[in-house]
Protein chains: 2
Amino acid sequence: MHVMIIGAAGMIGRKLVERLAAEPDALGHAIALLTLVDVVEPVAPAAFSAISETFALDLASEGGAERLVAARPDVIFHLAAIVSGEAEADFDKGYRVNLDGTRALFEAIRQEGQRERYTPRIIFASSIAVFGQPFPEKIGDEFFTTPLTSYGTQKAICELLLTDYTRRGFFDGIGIRLPTICVRPGAPNKAASGFFSNILREPLAGKEAVLPVDEDVRHWFASPRSAVGFFVHAARMDTDRIGPRRNLTMPGLSALVGEEIEALGRVAGAKAVGLIRREPDPVIRAIVAGWPTNFDARRARELGFTAETSFDEIIRIHIEDELGGKI
Amino acid sequence: MHVMIIGAAGMIGRKLVERLAAEPDALGHAIALLTLVDVVEPVAPAAFSAISETFALDLASEGGAERLVAARPDVIFHLAAIVSGEAEADFDKGYRVNLDGTRALFEAIRQEGQRERYTPRIIFASSIAVFGQPFPEKIGDEFFTTPLTSYGTQKAICELLLTDYTRRGFFDGIGIRLPTICVRPGAPNKAASGFFSNILREPLAGKEAVLPVDEDVRHWFASPRSAVGFFVHAARMDTDRIGPRRNLTMPGLSALVGEEIEALGRVAGAKAVGLIRREPDPVIRAIVAGWPTNFDARRARELGFTAETSFDEIIRIHIEDELGGKI
């Protein structure tokens, strides 16, 4: 089986590569060829029993999507996107990469299928940014998508395209709306959501972290391991069970920042909690206030997608996957 | 004020032209220039106190949208689209006309505004085809858009673009989701929805009409006069009242085919009703079964949009507007 990951150099892309390299039959059939694509050349997995190849390629570039699809991969994970802040700052780039790049991929698959029958499984990384406030207390599976960012708009449009191309039989698509991923590995970044991870990851490594919001801020989380699990499950599941509504809000954990901190205390002790420095930031507070806080992700759960149910679990997964099991 | 109607040769476009020609201050300011655009050259209004101009132009053609926007109209009604059946039969044409044409218009406005401040009012004709079954008993304003046709997908995507371009300040957009328009004037056509109008219009003119479904079929209606009223209201209303959710399901009448027929009897007598010939058509029955039947269009009503509340009213409007007030 030939598997392609577009956006393989990003955080979730890299973790998905690791998982598939460690477990080459994770998708139900042995992977014979793993193609890794990103705008910067991705790193091939160190230990992998089959063949992997890497490409630096911009999906929105002339002929880029056609080049990828010509090899007729059986499964394509499409995780490539520029992030919310950049799509907001650069209108043209956001639409070019996040909308036109995705549409070019879908179109290339359709064209390839017109030459000779070809209906690959496409797993598209969408986002809860397709939703815009005001929200109900829990966002259900039938709540409308009224994004308040260009990034969310681009994701919502790609979801619609994915559904129509699937309905037409051009490919077999699933859109995966990811929760905020926590604990993100790596150095603190400037994303407005960064603190959710920083206040766990840094204290667990004995370092200080800044908390810019109050402890009663609620948000929607899943671990990087769960995120990879969503993509793997979407690639191997029986899609007849989904029906025509192809975009799924993934399960997650709705939790308060205060609950994050309590879990940190239980897992790593009061000393770790003491490394969190409160430094209220009204700008970040305002941005975060516009984000969804809770979902009833019933459809995805019924379809077998699973995520963490406590922050203790999220923290333990970080310790296992990033810190060699020890703090 | 300079007003442009794109799609001016269509049924609603022609009626909108008539209304603006008869009432040149309908939009709150006197119209000095009325520009009529369609893929076939529209007919200029016979009696109009100001200047009108007509263009045959394909919005999706190279430079087409830029040509229109260069004149910097204050209000643009965008009604141009290929219909549902054609968009389903010709995938490429549907996306080119209904999506790329609309996006080209929005983009041309943004580019024009980058040269010199320009934020026209854009009224976009959307459709209840953005919804796909299964439906709740009444579709509320927060129900999600999961179209089951390429046409509905294209309309839903344009709605998202309209909202994002409006949020960014590139123009002041409103999307109008039209009910099925009844009574459509003119000859019977082959649209699957045609019979809803045929069974009224033809008997009112002393002719036979075919009813291909049962009398207990429910559907969602408004008159052509109401449709024009929606567009006029959208062009002159205070859009600050709408907020960021710019696409509105228009009010309408939810009624059974049997109720249509009863109203025909009340207005035109048993002889007219006797001209309806039952000829069940399983294909049309199946298509119609997938359509929405009822909405709770609260937001639009609160924003001042109005439609008929009985089929007697819809029939009387047809008699007034199309039959010179007499049957």
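Keep in mind that what you see is a predicted model, and the values were worked out from it rather than measured. (Residues numbered from 1 in each chain as written. Chains lettered and ligands numbered in written order. Predicted model: local features only at pLDDT ≥ 70, side-chain atom pairs only at ≥ 80, totals over all residues. Heavy atoms only, no water.)

Examining the interface of chain B and chain A
So, point 1. Listed by partner, the interface residues are 35 residues for chain B and 35 residues for chain A.
So, point 2. At the boundary of chain B with chain A, total buried surface from both sides reaches about 3,100 Å², with 53% on carbon and sulfur atoms.
So, point 3. Considering only the side of chain B, the residues that lose the most area to chain A are Phe 91, Leu 160 and Arg 245 of chain B, jointly responsible for 22% of the buried surface there.
So, point 4. At the boundary of chain B with chain A, the tally comes to eight salt bridges. (Contact = heavy atoms within 4.5 Å. Buried area = accessible area lost by both parts, 1.4 Å probe. Salt bridge = Lys/Arg side-chain N within 4 Å of Asp/Glu carboxyl O.)

With respect to the environment of Val 43 of chain B
So, point 1. Looking at where Val 43 of chain B falls in the secondary structure, it is placed in the loop between β2 (33-38) and β3 (51-56).
So, point 2. The residues touching Val 43 of chain B, leaving out its near neighbours within four places in the chain, are Leu 36 and Thr 54 of chain B. (Helix = DSSP H or I, 4+ residues; strand = E, 2+ residues; numbered from the N terminus.)

Details of the sheet that holds strand β9 (residues 218-222) of chain B
So, point 1. An order of β7-β9-β11 (chain B) is seen for the three strands of this open sheet, with the pairing classed as mixed. Looking along the sheet, the strands with just one partner apiece sit at the ends: β7 (180-181) and β11 (253-256) of chain B. (Pairing = 2+ DSSP bridges.)

A short note on the sheet that holds strand β4 (residues 75-78) of chain A
Residue and element names in this part refer to chain A.
So, point 1. Strands sit in the order β3-β2-β1-β4-β5-β6-β10 across an open sheet of seven strands; the sheet is parallel. Each edge of the open sheet carries a strand with a single partner, namely β3 (51-56) and β10 (247-249). With direction set aside, neighbouring strand axes in the sheet form an average angle of 15 degrees.
So, point 2. Taken together, the three bridges between strand β6 (residues 172-178) and β10 define a ladder with parallel strand orientation. (Axes fitted to C-alpha atoms, helices over the stretch in contact; angles between N-to-C directions.)

Regarding the relation of the copies chain B and chain A
So, point 1. Between chain B and chain A, the superposition needs a rotation of 180 degrees and an axial shift of 0.0 Å, giving an RMSD of 0.0 Å. Overall, the copies show the geometry of a two-fold rotation axis. In terms of proximity to the rotation axis, the leading residue of chain B is Phe 144 of chain B, whose C-alpha is 1.9 Å off the axis.
So, point 2. Most of the interface of chain B is mirrored in chain A, where 100% of its interface residues again form contacts. (Least-squares fit on C-alpha atoms with pLDDT ≥ 70 in both.)

A few points about the domain arrangement of chain A
All names here are of chain A.
So, point 1. By the assigned domains, chain A splits into domain 1 (2-181 + 222-249) and domain 2 (194-220 + 253-293 + 309-322).
So, point 2. The C-alpha centroid of domain 2 is placed 28 Å from the C-alpha centroid of domain 1.
So, point 3. Roughly 1,100 Å² of surface becomes buried between domain 1 and domain 2 when both sides are summed, with 55% attributable to carbon and sulfur atoms.
So, point 4. Sorting the residues of domain 1 by area buried against domain 2 places Ile 128, Thr 180 and Arg 225 first, and these three jointly supply 42% of that buried surface. (Domains from an automatic or database assignment.)

Overview of the packing of aromatic side chains
So, point 1. For the structure shown, the criterion picks out 34 aromatic pairs over all chains.
So, point 2. Judged by centre distance (6.3 Å) and plane angle (75 degrees), the ring pair of Phe 77 of chain A and Phe 231 of chain A falls under edge-to-face. Note that Phe 77 of chain A is positioned in strand β4 and Phe 231 of chain A in helix α7 (residues 224-236), a separation of 154 residues in sequence. For the pair formed by Phe 77 of chain A and Phe 231 of chain A, the shared burial category is buried.
So, point 3. An aromatic cluster of at least three residues, connected via ring pairs, comprises Phe 91 and Tyr 95 of chain A together with Phe 106, Tyr 165, Phe 170 and Phe 171 of chain B.
So, point 4. Over the ring of Phe 170 of chain B we find Arg 110 of chain B, and its NZ or CZ is 5.5 Å from the ring centre. (Phe/Tyr/Trp six-rings, centres within 6.5 Å; stacked < 30°, edge-to-face > 60°. Buried < 20%, exposed > 50% of the residue type's maximum accessible area, 1.4 Å probe, protein only. Lys NZ or Arg CZ within 6 Å of the ring centre and 35° of its normal.)

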